[in-house]
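Examination of the molecular architecture
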Amino acid sequence: MNKLITPEQAVSKIKSGMTIMVGGFLGNGSPLKILDLLAQSDVKDLTLICNDSAFPDKAYGKLIANGQVRKQITSHTGTNPVAIELMNAGTMEVEFVPQGTLAERIRSAGAGLGGVLTPTGLGTLVEKGKQKLTIDGKEYLLEKPLCADVALLGASLGDKSGNLIHQGTSQNFNPLMATAADLVIAEVSELVETGTFSPEAVHTPGIFVDFIVSCDL
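A brief report on the enclosed structure follows. The structure displayed is predicted, hence computed values, not measured ones.

**A short note on the environment of Arg 107**
- Here Arg 107 lies in helix H5 (residues 99-111).
- The exposure class of Arg 107 is partly exposed, given its relative accessible area of 33%.
- A C-alpha to C-alpha distance of 21 Å links Arg 107 and Phe 211, two positions 104 residues apart in sequence.
- Ignoring any residue separated from it by four or fewer positions in sequence, one finds Arg 107 in contact with Leu 113 and Leu 176.

Here it is in structure tokens:
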């Protein structure tokens, strides 16, 4: 199967009202070419799952600044003043999730689990509306899995089978999100032939990746 598509084809697969996950940390490790084109589209009412709100002029922060995001599930918004304004005005819903819990909720979806038990958030606003369980005398919150219609990943290196390498901190949420979405699209900075790098070097196996966008082309 030929997984290679254009950025325009990638964006065409994202429809208004979808839930999308985007890898990256303040834009580092994000699929910037796809996001730039998505920000120019008429797609709206998105639910956006990502670590942060980036910046108004970068990565998924552009989607927020454009008003294309109806709800964001994230660990913080402090670097994007537009996100803060929209949240305070009530025009964008924000669900705050502690960063480790966010990663675990995504991992739970990818692993087919019913959720994760954590003490993080007990006694805070995070626990509102959530089920509590007591195990061996200790109380936990049940945090349910997070899945998406589409995951948009960024990778430093990828082969034509979709095997990905994320250099440095760009590993962040990308490998987890690849397992937790119905459709996975990866934007790679450098595309090579399958077999170029060893199997043990792979961070995201190609079996999880449906389509590839190459920055080389």
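There is more to say after this.
**A few points about the sheet that holds strand E6 (residues 132-135)**
- The strand order across the open sheet built from 3 strands is E5-E7-E6, with neighbouring strands paired in antiparallel fashion. Looking at the sheet topology across the chains shown, the edges are occupied by strand E5 (116-118) and E6. Direction aside, neighbouring strands of the sheet carry axes that sit 40 degrees apart on average.
- Relative to strand E7 (residues 138-143), E5 is paired through 3 bridges, and the arrangement is antiparallel. The partner of Leu 117 across the bridge, within E7, is Leu 142.
- Lying over the sheet, H5 contacts E5 and E7, oriented at roughly 160 degrees with respect to E5.

About the thresholds
- Residues numbered from 1 in each chain as written.
- Predicted model: local features only at pLDDT ≥ 70, side-chain atom pairs only at ≥ 80, totals over all residues.
- Heavy atoms only, no water.
- Helix = DSSP H or I, 4+ residues; strand = E, 2+ residues; numbered from the N terminus.
- Buried < 20%, exposed > 50% of the residue type's maximum accessible area, 1.4 Å probe, protein only.
- Contact = heavy atoms within 4.5 Å.
- Pairing = 2+ DSSP bridges.
- Axes fitted to C-alpha atoms, helices over the stretch in contact; angles between N-to-C directions.

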